[in-house]
Number of protein chains: 2
Amino acid sequence: MRRWQGLLAWLMAVCMGASAQAPGAPTRVEQRGEQRVEQWDVFEVQLPGPSEGNPFAEVQLSARFSDGTQTIEVDGFYDGDGTYRVRFMPPRPGRWTWVSQSNRWPLTNKQGAFTATPARAGNHGPVGVRNTHHFAYADGTPYKPVGTTMYSWAHRGEALEAQTLQTLAASPFNKVRMLVFPQTAGTDRHPPELWPFAGTPPRNWDTHRFNPAFFRHLEQRVRQLRDLGIQADLILHHPYDDKREWGFDSLPRELDDRYARYLVARLAAYRNVWWSLANEFDFIRTKTDADWEHLGELLQRTDPYGHLRSIHNGKRIFDQSRPWITHVSMQHGMAAAEASRAVLFREAWRKPVVFDELKYEGRHDRRWAQLTGAQMVNAFWATTIAGTYGGHSEFIPDADGLIWLAQGVKLRGDSPARLAFFKAVIDAAPAEGIDPIDTFEDLFIAGQPGRYYLVYFGTQAPTAWLPRLYLTGLRDGQRFKAEIIDTWAMTITPLAAPLQFKPEGRYHFVERSGQAVKLPGRPGIALRLTAVDTPAGPGAQPAHDD
Amino acid sequence: MRRWQGLLAWLMAVCMGASAQAPGAPTRVEQRGEQRVEQWDVFEVQLPGPSEGNPFAEVQLSARFSDGTQTIEVDGFYDGDGTYRVRFMPPRPGRWTWVSQSNRWPLTNKQGAFTATPARAGNHGPVGVRNTHHFAYADGTPYKPVGTTMYSWAHRGEALEAQTLQTLAASPFNKVRMLVFPQTAGTDRHPPELWPFAGTPPRNWDTHRFNPAFFRHLEQRVRQLRDLGIQADLILHHPYDDKREWGFDSLPRELDDRYARYLVARLAAYRNVWWSLANEFDFIRTKTDADWEHLGELLQRTDPYGHLRSIHNGKRIFDQSRPWITHVSMQHGMAAAEASRAVLFREAWRKPVVFDELKYEGRHDRRWAQLTGAQMVNAFWATTIAGTYGGHSEFIPDADGLIWLAQGVKLRGDSPARLAFFKAVIDAAPAEGIDPIDTFEDLFIAGQPGRYYLVYFGTQAPTAWLPRLYLTGLRDGQRFKAEIIDTWAMTITPLAAPLQFKPEGRYHFVERSGQAVKLPGRPGIALRLTAVDTPAGPGAQPAHDD
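It should be emphasised that the depicted structure is a prediction, and the values quoted were computed from it without experimental measurement. (Residues numbered from 1 in each chain as written. Chains lettered and ligands numbered in written order. Predicted model: local features only at pLDDT ≥ 70, side-chain atom pairs only at ≥ 80, totals over all residues.)

### As for the relation of the copies chain B and chain A
Cut-off, in case you're wondering: When the copies are superposed, the least-squares fit takes in the C-alpha atoms of residues with a pLDDT of at least 70 in both. Once C-beta atoms have been placed from the backbone, residue pairs whose C-beta atoms lie within 7 Å are recorded as contacts.
When chain B is brought onto chain A, the operation consists of a screw motion whose angular component is 180 degrees and whose axial shift is 0.0 Å, with 0.0 Å RMSD remaining. Classification of the inter-copy transformation places it as that of a two-fold axis. By C-alpha distance to the rotation axis, the residue of chain B lying nearest is R341 of chain B, at 2.6 Å. Looking at the interface residues of chain B, 100% of them are also at the interface in chain A, so both copies use one shared face.

Quick look at the structure:
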């Protein structure tokens, strides 16, 4: 019986010229009956097709997926050796049918169906913008980025890459910024084994043909990050081909477009993908603002899932108001060092702001990698008070010259442990996100009005604080549990008694007793106030023009 | 002979149905021979025409002016009593001819000519953007705004308005933000004598008919500001009809458009006009972002001279990247208090940033008017170091309840004298403008690299500073004259000997002697460094990606 079933399946596959499954080990496929793929996992159609000529350039393939109410068209791609694939991330459970289109008859009008099963624990779908300045997964679960950057970790071979994954698994980081194209740095000791185009380094490329093995490897790493709960912030272009050795930053627009479309076709079905158009876009001298505009719009138009899109700057900030930019990916260490600065970018663009580069913890002769661990940790807390997000990396070479920023492998800095502590605090904060409470004066208090406050004293080392909160959302007599957080020592010390507030003046509430909260006189101290009761009636509100 | 000439002129005027001249006392007209108007002054054509129906709505009038190489079309306007006017600001000297068009025959195909004479001393033309972040007059002279706000100074009657003009003449201010439409505040003691529309307050308006007397009065004040060398930053809309008494903020778009066009037709020929679409646009609840976008584009399209355009915010910042916004008119006291903050808005939009509202010097129960004079002065210096501009006003009621912010009349604060001193320093700075030298770390030095530096210590009160400048433009051995500026005491104290610099490390130059400059240990201290010699060879340059 089972042999006949197998034969039948084989015959059907031959007849339809297609086999469909979820790629790679982690996705789940029912082998009997109609295929089943979890919602927001990757469903894949595999189709045999022509290998003559240049399939990357000449063969168009797409498929329409429909569950009866929504139809989504996705591009397929050539994976070498006469094999074509179409990948699809079902956005909701239910039965989906598909049908292919192509300019080659063996790929045309293939069809099939599968069932998307409800997402299981740990699968929250792709991340999008929520509440203007924050992020959430598709299922509504808040996503609070604590990112790190390791440009070339996926270009360093199995041994090192496996170690990097181990390190990440034990780290607080839930987002990784990483290059698609290799960079020069580190290639002397660890030359890339795979290259994105057919040919050989340094310059013997056929840039009209992708190297499927390179992209298969990349997507394996993306999948592994996904299974660790880590977003893959993929950087499409960068200026780190230092000697202009390979020239991937100098392709004509037609090939840049094909590359972007190929990435979308291969990777957009992975729910943890984000698109970063460039790292330090303004240092890439071969492209203009119009090129970036074109690429951003291309990604917006072609990615059927609308994964997050950003463009990271060197010294000149891109016009972050452009509609295709979903969130601000900022390099600005000076701004990230103080909440009163970081918040201004948030107000300027009314989008989420992620300080993906706020300088690095490190011991480099370049001043962009000279932060102490304490400065790195301070920047995370300061950007949080600003209602924005920080980003980590480090430049601390080990004996072999390995550097987290470039290669990943091992973390050596003082900040990651404190960022794990930071993450635990932030994850326990309100789901809506942490927002500045009042930016009319120097900003050091954030949270959700009337419910939750983080008071952060930054590099100051006060010995006391007289409680005073901006009025919004507060009620006369409302009490708050108060805890002193030492962001460096990683301790949380509750005060003996709750603080009780009363209105004072036109703008504020103060503590009833009039007594100051004693603080330890060290830098990096925060106070967390959590409402323990909420008297009836509406909270206080400022005048709209006050 | 002269009687015959006069008769001839009269006959010609009757035949052409037009008389042309420069309006008001300050402009210069040759009475004999062809008319002469100074470049960038106002040339005016006066035409008799129909007064029946509603000329404001029904009569279209424009004229084409040409000097043979450039043709500029400007709209005319109805000034009541059967009189129409077309105004033109000649952008360069030479002979200009004009011809009118209209949908009414008495106004059609009138023509004439005049000679624009070269601008005389003190007439530099209209102000535009220069060097991305700065301003200059049309003749290239730098314009460095030291602005103030007096919303309703031109709605308070001859006696008070004459006093205000006297005060301005003796003040450092070279820009005034002022409302076109009246505001509620102050009208109990000083009710407006003139209203923008036909009818009577509070609500008996014919909003389809302007009141020419109101606008004649307004333009008289604009002209008087011009003759004092002061820019008139005219605010078209505001939210200060507190009780919704008059309803000028609630007109339909058609009438808002007509109002904007009427202002352009009447006032654009005055070289000192700027257009501020709104004060606190987000507090005007009767208009949407799309309305502002429409109005901004309308002004951009219809103002033949491209006067500066901005939109001032309350709590929510407008998208300042919009192409019709020529410069940022910002309300943000927190940002303006420190150079390291203010500079971020400059970087965000790459346009000039004017902190037109950075809180006010005053003694109000509202916290937006509680700055000390020292805080106001600090904000001007801090925004200057940021490569941006400050803006003054004060809320210090006199015995009669008069307040500069609302009525003008008299200055009572501590800051204006210090702003005069500030202006003298800034006017003597390089013509290109003052730019931040290095924003990678906390920003407190600005100027022009290798030539001129202002080092400003803000609210700190250091007793010494070890000279250290970012390398750009500096030469080994270069010497600078150094002066200590006390921004409050208004003193400039030169050091005994020049400072001589040498390179140190990857990024900086330091003083050769290694000795610190002694400082007075007070807040508000700046150091001015001016190159006294420049060794041969190119100045130092940082790596582009450093």
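### Some remarks on helix α3 (residues 158-169) of chain A
Residues and elements named next belong to chain A. The cut-off we apply is this: Numbering goes from the N terminus for both helices and strands, where a helix is a DSSP run of H or I of at least four residues and a strand is a run of E of at least two. Here, expected helix span is obtained from the residue count minus one, scaled by 1.5 Å. Counts of 20 or more other C-beta atoms within 10 Å of a residue's own C-beta define buried residues, counts of 12 or fewer define exposed ones, and intermediate counts define partly exposed ones; C-beta atoms are placed from the backbone. An arc is given here, and it is the one of the directions from the helix axis to the C-beta atoms.
The terminal C-alpha atoms of α3, which comprises twelve residues, lie 16 Å apart, in line with the 16 Å expected from a rise of 1.5 Å per residue. Within the span of α3, buried status applies to L160, E161, T164 and L168. Viewed end-on, α3 has its buried residues packed into an arc of 95 degrees, placing them on one side of the element. Facing away from the buried side of α3 by more than 90 degrees, the exposed set consists of E158, A159, A162 and Q166. Packed against the buried residues of α3 are α4 (212-227) and α10 (404-407).

### Quick word on the environment of A369 of chain B
Residue and element names in this part refer to chain B. You can see A369 is positioned in the loop between β21 (361-362) and α9 (373-385). Residue classification places A369 among the partly exposed residues on the basis of 18 C-beta atoms within 10 Å. As a C-alpha pair, A369 and E394 span 25 residues in sequence and 7.2 Å in three-dimensional space. Sequence-distant contacts of A369, that is, excluding residues within four places in its chain, are made with K359, Y360, G362, H364 and F395.

### Notes on the packing of α9 of chain B against helix α11 (residues 415-427) of chain B
Residues and elements named next belong to chain B. We count it as follows: Angular values range over 0 to 180 degrees, each being the angle between N-to-C directions of two axes fitted as lines to C-alpha atoms, with helices fitted over their stretch in contact. Our angle categories are set so that under 35 degrees counts as roughly parallel, over 145 as roughly antiparallel, 65 to 115 as roughly perpendicular, and the remainder as oblique. Handedness of a helix crossing follows the sense of rotation of the near helix relative to the far helix, less than a right angle counterclockwise being left-handed and clockwise being right-handed. Residues are grouped as follows: nonpolar covers Ala, Val, Leu, Ile, Met, Phe, Trp, Tyr, Cys and Pro; charged covers Asp, Glu, Lys and Arg; every other residue, Gly included, is treated as polar.
Viewed as axis vectors pointing N to C, α9 and α11 meet at an angle of 20 degrees, and their least axial separation amounts to 9 Å. Classed by the angle they form, the pair α9 and α11 counts as roughly parallel. When you trace α9 past α11, the crossing you get is right-handed. From α9, G373, M376, V377, F380, W381 and T384 reach across to α11, where they touch S415, R418, L419, F422 and I426. Split by residue class, the contact of α9 with α11 holds seven nonpolar, three polar and one charged.

### Some words on the environment of W368 of chain A
Relative to the helices and strands, W368 of chain A is located in the loop between β21 (361-362) and α9 (373-385). Apart from residues no more than four positions distant in its own chain, W368 of chain A is found in contact with K359 and Y360 of chain A.

### A word on the domain arrangement of chain A
Residue and element names in this part refer to chain A. Rules: Residue ranges assigned to the domains are those given by an automatic or database domain assignment.
What the domain assignment lists for chain A is domain 1 (2-117), domain 2 (127-427) and domain 3 (437-533). One C-alpha centre belongs to domain 2, the other to domain 3; they are set 35 Å apart. In this complex, domain 2 contributes 17 residues to the contact, which on the side of domain 3 involves 15 residues. Those elements that provide at least two residues to the side of domain 2 that touches domain 3 are α8 (339-349), α9 and α11 (415-427). Top element by residues in the side of domain 2 that touches domain 3 is α9. It accounts for seven residues. Along the lines of polarity and charge, the residues of the side of domain 2 that touches domain 3 split into eleven nonpolar, four polar and two charged.

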